[in-house]
Amino acid sequence: MPMEPLAPARLYHHVDPDSLTFDTTADLEELDNALGQPRATAAMSFGIGMARKGYNLFVLGQSGTGRHSLVRRTLEEKAAGEAAPDDWVYVHNFAVAHQPCAMRLPPGRGPELSHKMAAAIEDLRVAIPAVFESEEYRTRRQVVDASFKQQQENAFDSLRKRAEEQHIALIQTPVGMALAPMRDGEVLKPEQFNTLPEEDRQRIQNTIRDLQNELQEIVSQMPQWEKEHRETVRELNREMSGYAIRHAISEVSLAFADLADVTAYLQTVADDLIENVDAFLPQPEAAMALRAMLPQSQKGAGSADGILRRYMVNVIVDNSQASGAPVVHDDNPALAYLTGRIEHIAQMGALVTDFGLIKPGSLHKANGGYLILDARRLLTQPFSWDALKRTLRSGELRIQPPEQMYGMATTISLEPQPIPLDVKVVLIGEREHYYLLSQYDPDFSDLFKVAVDFEEAIDRDPGAVADYARLVAGVVRRENLRPCTKGAVARTIEHGSRLADDAEKLTLKISDIGNVLREADYWAGTDGKAVIDADDIQRAIDAGVHRVDRIRERSHEAIEREIVLIATDGTAVGQINGLSVIGLDGFRFGRPSRITARVRLGAGRVIDIEREVELGGPLHSKGVMILSAFLGAAFARDMPLSLSASLVFEQSYGGVDGDSASSAELYALLSALADAPIKQSLAVTGSVNQYGEVQAIGGVNEKIEGFFDICKSRGLTGEQGVLIPQANTKHLMLRSDVVDAAAEGRFRIYPVERIEQGIELLTGVPAGRRDEAGAFPDDSLYRRVENRLAELAEARRKFGAREDGGKPA
């Protein structure tokens, strides 16, 4: 029976606008769940509810399927019912300065502590100088100073009295204290001393020597007396300032009496403030002038301001405004912004830091909640992936710059105390990321145990169509677009099937649907419409294609100008029109290619020229091997396959892969063997198996439209058409001009299940079926193929015999 082309109704599955029970999308409510994602939703609920270690989530699926919005919505709903996590602060470690201490406080108490400590220090800046300017302090200080001065004077007066008793004077000189003989109360001049008898001079010198030793002993005791004086003054300062300091700190302690760690820290602060009370006192004028020339960021830790910085509180995590657990989306997961960083300031040509320059990362902000990361961005950032794994394994968040990890640090740095980590990490990526990490990273499966797999399409049934309309209504409402009529919604649903490459499916790439709706709203606006109708949807689709189809136009132009040779009428032996798809950044189009086959005597090998020159991919080569197996099984049961055949895509200058042309290559080979011309008005797509069954391929709509455009530009004759696998008929969602041409009988699309059907359509000669005796009918194409192969086998036998006979005995 001759094969009939597909009816126009099977080329495009319409949505009847009258079947939709609304006038515009303004009448519809938004979907309250994720359309077509029950598996992903269940996995999300399980993953975020599982509080065990390692049950982090990896969300995998195609971009644009609503992964980010579903993840964020689900996490925010879950987080809203959870308690806000604690605040975290870093404070100075008074025991080990380069290891700042981390303190946990209830939500909102961290900023409170920081503000109260800053206020206390500011109060002390005024209160302590006032203490040292008070009358009480001055009186007590004068007593201490007078006591010190009296101690010195008493020592010298005692020495002076003993010296005077022996007629020796203790005098003050520019270089210090000195001893000199005197007579009648006057110091002897050297010439007078030299006139004294030798005995008197010797006696005086011995006396001066003894007194000099006593003077030296007094002078040597003076540093100790000064030290004791300073300590006495320091103790006085401690005593006098201690009242003000303990009063100021006690006010802070009272506000945090319920937090033992904070009160212990404040006690340490008070003790250290008393020890460093000088930082609150006026500095020497020279030092103040030098510091005044420095920017605020360069007033280092050694200055009074630097010393006072140690009493500040660095709030790392502030949850004072949080109404639930945090949900943080980090779109720049560089190491410094993921695990935190330690900043430095330039001071006198060096880089220095302190605990106040510790900055939080997204893991700090998400601690006690949820962190969303993009897998691709995370994996492309140096050190970030390893740092995340290390943090999740250890359960603590440690700020460690890479230069410190690898021993390359040359600046003063810190080792902040690690913070306990309790976070659920959600990675969002492509399927290839998930499977590559599962295969090559042994830690991945232990840390990300929950896979959230997003569907890319759903079945197109009445329930799904109704939900899709609500989905469209949701996009329109969120984007503040004009309402869509039921006709516009129907056309959008049809476009959803085309994007899914399946008339029985609807795409879940919501981003593509959103793009069409936004652009349709633009076109409706240019026409002054209050609503979006079907014409606006179609215009948006057509305009989107036109913006990116320059390469398609140039490719088809080369065919129309006969630069690339494609025949659309007549017949030819061993020549056929194959169809391929070219994809460019989300836009795909079909392009016909001429496939030719040549046959000659040989050893049973079918040569794939594309593979021989390394232009053919493995799938294409597999298809050629399968058709070779079909030839051998169908026609060479009782004889060797004695041909040498070559197959090639003519004028193909790039790579060829995929097996969708294997049926076309088999048709060309059969044509060459049977010497049966193939109609060039037909094009073919479909793969073939070893049993001659034609199998489904991808891109069937684009392939049909690609050949149709060439035929249309040359003039449709009614003889032109495309052979497609029967299994692909459910994928057809063709352009309206193709459907119209088919309805008018000017273009035909044939569904093919077996090679025999296809070769009969292409050549007009029945393929033939073996009878009970195992022979094909005489007038069949397969009989001609078998005869040709038998001739080649006989020729090969004779050639072999001739070769054997020519050999010497």
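Residues numbered from 1 in each chain as written. Predicted model: local features only at pLDDT ≥ 70, side-chain atom pairs only at ≥ 80, totals over all residues. Heavy atoms only, no water.

**Here's the deal with the pairing of strand β17 (residues 450-453)**
Working step 1: Only one face of β17 is buried: it carries V450 and V452, and the other face, with A451 and D453, is open.
Working step 2: Pairing of strand β1 (residues 57-60) with β17 involves 4 bridges; the strand directions are parallel. Paired with F58 across the strands is A451, a residue of β17. (Buried < 20%, exposed > 50% of the residue type's maximum accessible area, 1.4 Å probe, protein only. Helix = DSSP H or I, 4+ residues; strand = E, 2+ residues; numbered from the N terminus. Pairing = 2+ DSSP bridges.)

**Here's the deal with the packing of helix α6 (residues 198-255) against helix α7 (residues 260-275)**
Working step 1: The N-to-C vectors of α6 and α7 enclose an angle of 155°; their axes lie 9 Å apart at closest approach. The orientation of α6 with respect to α7, classified from their angle, is roughly antiparallel. The way α6 lies across α7 gives a crossing that is right-handed. Residues R238, G242, I245, R246, I249, V252 and S253 of α6 form the contact with α7, whose own contacting residues are T263, L266, Q267, V269, A270, D271, L273, I274 and E275. (Axes fitted to C-alpha atoms, helices over the stretch in contact; angles between N-to-C directions. Parallel < 35°, antiparallel > 145°, perpendicular 65-115°, else oblique. Left-handed = near helix turned anticlockwise from the far one by under 90°. Contact = heavy atoms within 4.5 Å.)

**Some remarks on the layout of surface pockets**
Working step 1: Quantified by volume, the largest pocket comes out at close to 1600 Å³.
Working step 2: Together, 47 residues line the largest pocket, and H495, L499, I541, V545 and F587 are the ones closest to its centre.
Working step 3: Counting only elements with at least two residues in the lining of the largest pocket, the list comes to α18 (486-499), α19 (510-526), α20 (534-548), α21 (550-560), β22 (587-601), α25 (700-714) and α26 (736-743).
Working step 4: For the lining of the largest pocket, the element with the most residues is α20, which contributes 9 residues.
Working step 5: Taken together, the residues of the lining of the largest pocket sort by class into 15 nonpolar, 13 polar and 19 charged. (1 Å grid on protein atoms, 1.4 Å probe; cavity = no way out; pocket = protein on both sides within 12 Å on 5 of 7 lines; lining within 4 Å. Points joined across faces, edges and corners; volume = space filled by probe spheres on them. Nonpolar A, V, L, I, M, F, W, Y, C, P; charged D, E, K, R; others polar.)

**What about the packing of aromatic side chains?**
Working step 1: Tallied over the full model, the rule gives 14 aromatic pairs.
Working step 2: Ring centres of F46 and Y55 lie 6.0 Å apart, and the angle between their planes is 80°; on these two criteria the pair is classed as edge-to-face.
Working step 3: Relative accessible area serves as the criterion here: at 22%, Y55 is assigned to the partly exposed category.
Working step 4: Centre to centre, the rings of W385 and F444 are 6.4 Å apart; their planes meet at 40°, and the pair counts as tilted. (Phe/Tyr/Trp six-rings, centres within 6.5 Å; stacked < 30°, edge-to-face > 60°.)

**Observations regarding unusual backbone geometry**
Working step 1: Residues other than glycine seldom take positive phi values, yet N480 does so here, at roughly 60°.
Working step 2: Along the polypeptide, N480 turns up in the loop between α17 (462-478) and α18.
Working step 3: Here the phi dihedral of D501 falls at roughly 60°; this positive angle occurs in a residue that is not glycine.
Working step 4: Here D501 is to be found in the loop between α18 and β19 (505-507).

**A look at the environment of L357**
Working step 1: Along the chain, L357 turns up in the loop between β11 (350-352) and β12 (358-359).
Working step 2: Residues L357 and R341, 16 residues apart in the sequence, show an inter-C-alpha distance of 8.4 Å.

**Topic: the sheet that holds strand β2 (residues 87-91)**
Backbone-to-backbone hydrogen bonds pair the strands of a sheet. The strands run either parallel or antiparallel.
Working step 1: Spatial ordering of the open sheet is given by β3-β2-β7, a layout of 3 strands whose pairing is antiparallel. The sheet is open, and its two borders are formed by β3 (101-105) and β7 (314-317), each paired with just one other strand. Strand after strand, the sheet turns through a mean of 30° between neighbouring axes, direction not considered.
Working step 2: As defined by bridge partners, β2 adjoins β7 across 3 bridges and the pair is classed as antiparallel. Paired with V89 across the strands is V315, a residue of β7.

**Let's talk about the environment of F776**
Working step 1: Following the sequence through the fold, F776 ends up in the loop between α27 (755-763) and α28 (781-805).
Working step 2: Along the primary structure F776 and V252 are separated by 524 residues, whereas in three dimensions their C-alpha atoms are 104 Å apart.
Working step 3: If we skip the residues at most four places from it in the chain, F776 touches A634, F635, G768, R769, R770, Y782, R783 and E786.

**Side note on the pattern of salt bridges**
Working step 1: Counted according to the given criterion, the structure contains 52 salt bridges.
Working step 2: The residue E557 makes a salt bridge to R561 at a minimum N-O spacing of 3.5 Å.
Working step 3: For the salt bridge of E702 with R588, the shortest nitrogen-to-oxygen distance reads 3.2 Å. Of this pair, E702 sits in helix α25 while R588 sits in strand β22; the two residues are 114 residues apart in sequence, bridging distant segments of the chain.
Working step 4: For E702, a relative accessible area of 8% corresponds to the buried category.
Working step 5: Relative accessible area serves as the criterion here: at 33%, R588 is assigned to the partly exposed category. (Salt bridge = Lys/Arg side-chain N within 4 Å of Asp/Glu carboxyl O.)

**Looking at helix α24 (residues 662-674)**
Working step 1: Under the 1.5 Å per step criterion, the end-to-end length of α24 is 18 Å for 13 residues, consistent within 8% with the ideal 18 Å.
Working step 2: Of all 13 residues in α24, 13 are buried, a share of seventy percent or more.
Working step 3: A positive backbone phi angle near 55° is found at D675, which sits one or two residues after α24. (Expected span 1.5 Å × (residues − 1).)

**Notes on the side chain of E494**
Working step 1: With respect to the helices and strands, E494 occurs in helix α18.
Working step 2: When residues no more than four places from it in sequence are discounted, the contact partners of E494 are Y12, H13, H14, V15 and M733.

Nothing here speaks to function; it is geometry throughout.
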